[in-house]
Amino acid sequence: RPESTLDERRTSGDERIGRSRRRARGVMSAKKDTAIEIKACIDQAVRVKLAGGREVEGVLKGYDQMLNLVLDDATEYLRDPDDPMTLTDKKRRVGLTVCRGTAVTFVCPQDGMREIANPFVPAEGTS
C-alpha cells in the first residue's frame, strides 16, 4: 500500500477518536437542574453544611463539577462536645478553605437563610 494511504488512515482514525471524545464530554457535561444556581453565588457569602455535621460560612470564590467549593474568609461553627449534632455560639476562623464535594450536603446563600422552628417537635403545652 502506498505510504499516503496509511497516513490518511491514521488521520481518519485520530479524527474518529477525537469525535468520540467530544461526544463523551458532551454526555458528561449535560446540565442538571439544581435547587440553586451556584454560579450566582460566586463572590457572595454562603453557608455550607458538611457530612458529619460541620458547618462553614464564607465567601464562595469557586467550584467545580464535583461541587468542590473554595471559600474565602471562612468561619467554622463549633459543635457542642456533649452533643456533636448541636452547634454552639462559638466560632473558629479558618480563612481560605476548600470543601470537598463528596462531603458537601447543603449550600445556601447566607442572605437567604434563617432559622425556623422544628415542625416535627410538638409545641410545649400540647401532647
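Our subject is the structure listed above.
K.L.:
Give a description of the overall build of the protein that names residues and reports values.
P.N.:
Of the regular secondary structure elements, the protein holds 1 helix and 5 strands. Beginning at the N terminus, the succession of helices and strands in the protein can be written as α-β-β-β-β-β. Considering only contacts in the protein between residues 6 or more positions apart, those separated by 24 or more positions represent 41%.

K.L.:
Give me the nonpolar core: which residues, what numbers.
P.N.:
In terms of nonpolar packing, the biggest core is built from 13 residues, with Val48, Leu60, Leu69, Leu71 and Val104 touching the most fellow members. Mapped by element, the contributors of at least two residues to this core are strand S1 (45–50), strand S2 (55–63), strand S3 (69–79) and strand S5 (104–109). Setting aside its immediate chain neighbours within four residues, leucine 60 contacts Ile38, Cys41, Ile42, Asp43, Gln44, Val46, Leu69, Val70 and Leu71.

K.L.:
Would you mind going over the sheet that holds S5 in detail, with residue names and values included?
P.N.:
Here 5 strands make up an open sheet; going across it, the order is S4-S3-S2-S1-S5 and the pairing antiparallel. Of all the strands in the sheet, the pair left with one neighbour each is strand S4 (87–99) and S5. The sheet shows a mean angle of 30 degrees between the axes of neighbouring strands, taken without regard to direction. The pairing of S2 with S3 spans 7 bridges and is classified as antiparallel. Residue pairing in the sheet places valine 56 in a bridge with glutamate 76 of S3.

K.L.:
Tell me about the side chain of glutamate 76, and please be specific about residues and values.
P.N.:
For glutamate 76, the location among the structural elements is in strand S3. Here arginine 54 takes part through its side chain, which lies 3.4 Å from a polar atom of the side chain of glutamate 76. Looking at glutamate 76, its side chain comes within polar contact range of the side chain of arginine 92, at 2.3 Å. Excluding residues that lie within four positions of it along the chain, glutamate 76 makes contacts with Arg54, Glu55, Val56, Lys90, Lys91, Arg92 and Val94.

Definitions and limits used
Residues numbered from 1 in each chain as written. Predicted model: local features only at pLDDT ≥ 70, side-chain atom pairs only at ≥ 80, totals over all residues. Heavy atoms only, no water. Helix = DSSP H or I, 4+ residues; strand = E, 2+ residues; numbered from the N terminus. Contact = heavy atoms within 4.5 Å. Core = buried A, V, L, I, M, F, W, Y, C linked by side-chain atoms within 4.5 Å. Buried < 20%, exposed > 50% of the residue type's maximum accessible area, 1.4 Å probe, protein only. Pairing = 2+ DSSP bridges. Axes fitted to C-alpha atoms, helices over the stretch in contact; angles between N-to-C directions. Polar contact = N/O pair within 3.5 Å; in protein donor to acceptor, adjacent residues only side chain to side chain.

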